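This is what each chain is made of:
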Amino acid sequence: MNKDTKKDLSGRLAEVVVHGMQEKKGNDIVRMDMRNVNATLSDYFVICHADSATQINAIAKSIEEEVYKAFEQEPWRKEGHNNGEWILLDFVDVVVHIFKTEKRSHYGIEDLWGDAQVETYRSA
């Protein structure tokens, strides 16, 4: 796979993740293009938040289903399903962060990676 093909696939994967978030009304969805940021391994971070653990889990499930439908791919790693405050889904080229509302501002992921190109989305 050449570099351009990989870039297109990771961009498409990030878009599918955004769609999964929109399906379950994720709040303040942000896609951060990390490809030109030094010291990052992933091409994209996709971030949103929700007000309840139930909604956070529903968003994560929606993302996993949408990615599987589009790519037949499961997350390489999943963390946080039991605590209901921050779920991380690692698809290698795309890392997904789903926060409980108050935890998102506490961790400030977007501020840590200020060099990234940021695109914002509305919930569906």
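For the structure, see preceding data.
Computed from a prediction, not measured in an experiment: that's the story for all the values here.

Chemist: Explain the environment of Lys78 to me, using residue names and the numbers behind them.
Modeler: Mapped onto the secondary structure, Lys78 falls in strand S3 (residues 77-79). You can call Lys78 partly exposed: its relative accessible area is 44%. Between the C-alpha atoms of Lys78 and Leu88, which are 10 residues apart in sequence, the distance is 5.7 Å. Residues in contact with Lys78, not counting those within four places in the same chain, are Glu64, Leu88 and Leu89. In this structure the side chain of Lys78 is engaged in a polar contact, spanning 3.1 Å, whose partner is the side chain of Glu64.

Chemist: If you had to explain the nonpolar core to someone new, which residues and values would you point to?
Modeler: Within the largest apolar cluster, 23 residues are counted, with the highest numbers of intra-cluster contacts made by Met21, Ile63, Val94, Val96 and Ile98. Every element with two or more residues in this core is listed here: helix H1 (3-23), strand S2 (44-50), helix H2 (53-71), strand S4 (86-90) and strand S5 (94-100). In terms of residue count, H1 provides more of this core than any other element does, 6 residues in total. Apart from the residues within four sequence positions on either side, Met21 is in contact with Gly26, Ile29, Val46, Ile47, Cys48, Ile59, Ile63, Val96, His97 and Ile98.

How each quantity is defined
Residues numbered from 1 in each chain as written. Predicted model: local features only at pLDDT ≥ 70, side-chain atom pairs only at ≥ 80, totals over all residues. Heavy atoms only, no water. Helix = DSSP H or I, 4+ residues; strand = E, 2+ residues; numbered from the N terminus. Buried < 20%, exposed > 50% of the residue type's maximum accessible area, 1.4 Å probe, protein only. Contact = heavy atoms within 4.5 Å. Polar contact = N/O pair within 3.5 Å; in protein donor to acceptor, adjacent residues only side chain to side chain. Core = buried A, V, L, I, M, F, W, Y, C linked by side-chain atoms within 4.5 Å.

Purely spatial values, then, with no claim about function.
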